[in-house]
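What follows is each chain in one-letter form.
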Amino acid sequence: MSNSLWEKLGFRENPYNTKPLNVIKSDVDLLMGRETEQIDFLTAIEADEQGIFVLSGVPGVGKTSFFNVQQYLLESQEAPFGPKVLAARKLCPIQQSDEPKNIAIRSIQSFCKSIEEYCNLTKNTIPAETQKVQNWLYQNKPASFNFGITLFGHGGNIAREVHLPSINETTYETLVELLTVIAYEVKTNLGFVSSFIVLDNMENLHEEDLTECLTTFRDTLFTIPNVWWVLIGQSGLPSLIQSTNPKVFQRLSTSIELNPISVEDLIKAVDIRVQRFHIGQQGSSPISTEIYLKLFDSSNGEIRFVFNYCHDICINLVQTVRKIQSAQKKNLVEQDFERLMGTYLVNNQINDNFSNTCLNNIISVEFNGLYLTRKEKMVLKRIGELKKVKPNHYTEFKDFGIKTLQEFVSKYLVKLHQQYLLQKRQEGKILTYELRGISVFANEYGLLDES
Ligand SMILES: Nc1ncnc2c1ncn2[C@@H]1O[C@H](COP(=O)(O)OP(=O)(O)OP(=O)(O)O)[C@@H](O)[C@H]1O
Ligand SMILES: [Mg+2]
């Protein structure tokens, strides 16, 4: 008797899980490709005990997964080379209106959480000052800290007691000192060379706010000994930093732009998940290679997009079968269900006809739900023809029948990007936009044509 939906399809777990790979051993083998990126990354981290590293790429290309696997390998010392670095098990998400102080507070919270998780996993005691900071964060009431150790170095027997009010009343400078103390304890008490602290989704900051934060962090957060700051963001983040904040850019060790993995690696990625999660003798991907490669191709290499729709097709199949079963007024007996499922499966694989029809339905519902205007659809269609547009003075935006460049950018490009219909890439100060997977399919299904 199978219970979950995936068991009905012959799996213990969803093989198309879109969650990022985690900082755990069992996820290491699920990461495909990325060999050269790994060497670049480990070499950069090996070169210093502290620094700033930028990891960029389009949404869903695998940034978090790549980084988490490298973190696992470094922390456990299973990496081919590189220092022992404490993993950031909790990333610090950046939000739109963040100011430097919010980010500093959140960095402390994430850092403490990561230390706590590591200590729990390895049955270590949380270092004393770190524990105090954590209690202070939770209780949000005044507390005293010993800043002596770091300021006088080498175990310092000259204590410097500092009394702090609640977190919101604490100054930015003091927050930086707290982080310094915590990083020092990770090194001396837990035996790490450095710690990772990750600022995720840097693209959420507007350009001016990004500049302000980077300027503030440059000589404060970013210079804390034994901390590696990893900035994760959208495609082209390094060149954006270069053009807005050359002084921070100079401090960057290498940065990596993750490109899509190869088709061969995607096939391997699906195969290994199928092998790991299927039940019984022989496993195969419920969605055929042809279908998922078509998704991959249209999405510009967004693995999340591929897995997402593979998952949806599977759910849809089970829903369809259940509806047929109920329409036939049959009892919901398992044999009927399995027999009906069998009519859609060839060698345990959903037939392509069903998958294609299903994709068409799912994408039509999703796309039509956005209620785009005729003009917006026309803009998407034209971008599809041009492949890529740059909203600068040379763009023939008039070609789109739009009067001003500003209107073209704000009413169309920005809006459609926010609706996940366009992909944005940064090349220095210049942005380019192209269709995202869903728009490519919408175009193919004729949803962009006037009705
Ligand atoms: N190299 C890889 N091999 C196999 N699977 C991968 C690889 N990279 C990513 N994935 C899978 O792709 C999906 C998306 O990955 P991930 O969340 O890491 O992308 P991301 O770039 O961090 O996305 P976002 O821009 O939204 O933060 C996840 O299901 C993940 O398991
Ligand atoms: Mg991510």
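Residues numbered from 1 in each chain as written. Chains lettered and ligands numbered in written order. Predicted model: local features only at pLDDT ≥ 70, side-chain atom pairs only at ≥ 80, totals over all residues.

**Brief notes about the overall build of the chain**
Along the backbone of the chain there are 19 helices and 12 strands. The dimensions of the chain, computed from C-alpha atoms along their principal axes, are 80 × 65 × 40 Å. In the chain, which comprises 451 residues, the share counted as buried stands at 39%. (Helix = DSSP H or I, 4+ residues; strand = E, 2+ residues; numbered from the N terminus. Buried ≥ 20, exposed ≤ 12 C-beta atoms within 10 Å, placed from the backbone.)

**A look at helix α18 (residues 405-418)**
The terminal C-alpha atoms of α18 lie 18 Å apart, and with 14 residues this matches the ideal 20 Å at 1.5 Å per residue to within 8%. The complete set of buried residues in α18 reads Phe 408, Tyr 412, Leu 413 and Leu 416. One face of α18 carries all of its buried residues, which in axial projection span an arc of 85°. Opposite the packed face of α18, turned more than 90 degrees from it, sit the exposed residues Gln 406, Glu 407, Ser 410 and Gln 418. Looking at the buried residues of α18, the elements they touch are α17 (374-386), β11 (422-427) and β12 (430-435). (Expected span 1.5 Å × (residues − 1). Arc of directions from axis to C-beta. Contact = placed C-beta atoms within 7 Å.)

**Thoughts on the nonpolar core**
A general feature of soluble globular proteins is that nonpolar side chains tend to end up buried together. Within the largest apolar cluster, 118 residues are counted, with the highest numbers of intra-cluster contacts made by Leu 179 and Val 230. Per-element tally for this core: the top contributor is helix α14 (residues 303-327), with 10 residues. When near neighbours in sequence (up to four residues on either side) are disregarded, Leu 179 contacts Ser 107, Ile 108, Phe 111, Leu 221 and Ile 224. (Core = buried A, V, L, I, M, F, W, Y, C linked by C-beta atoms within 7 Å.)

**Brief notes about the domain arrangement of the chain**
Each assigned domain of the chain is listed with its residue range as follows: domain 1 (34-257), domain 2 (262-367) and domain 3 (371-444). Computed from C-alpha coordinates alone, the two centres of domain 2 and domain 3 are separated by 32 Å. Of all elements in the fold, only α13 (289-298) and α16 (352-368) reach the threshold of two or more residues within the side of domain 2 that touches domain 3. When residues in the side of domain 2 that touches domain 3 are grouped by element, the largest group, four residues, is from α16. Of the residues contributing to the side of domain 2 that touches domain 3, the split by class is five nonpolar, three polar and two charged. (Domains from an automatic or database assignment. Nonpolar A, V, L, I, M, F, W, Y, C, P; charged D, E, K, R; others polar.)

**So, the environment of Pro 93**
Along the chain, Pro 93 turns up in strand β3 (residues 92-93). Accessibility expressed as a C-beta count within 10 Å gives 15 for Pro 93, which makes it partly exposed. Once residues within four sequence positions are removed from consideration, Pro 93 is found in contact with Asp 200 and Asn 201.

**Focus on the site of ligand 1**
Near ligand 1, the surroundings consist of 23 residues, among which Pro 20, Gly 62, Thr 64, Ser 65 and Ile 303 are the closest. Sorting the residues of the shell around ligand 1 by element identifies α4 (63-75) and α14 as the ones contributing at least two each. Of the domains in this structure, domain 1 (34-257) and domain 2 (262-367) are the two that each give at least three residues to the shell around ligand 1. (Near = placed C-beta within 6 Å.)

**Points about the pairing of β11**
With six bridges joining them, β11 and β12 adopt antiparallel strand pairing. When the bridges of β12 are listed, Leu 422 appears paired with Leu 435. (Pairing = 2+ DSSP bridges.)

**Quick notes on the environment of Phe 11**
Counting through the fold element by element, Phe 11 comes out in the loop between α1 (5-8) and α2 (25-28). Judged by the 23 C-beta atoms lying within 10 Å of it, Phe 11 falls in the buried class. Linking Phe 11 and Val 274, residues 263 residues apart in sequence, is a C-alpha distance of 8.0 Å. Apart from residues lying up to four places away in sequence, Phe 11 is in contact with Trp 6, Phe 277, His 278 and Ile 279.

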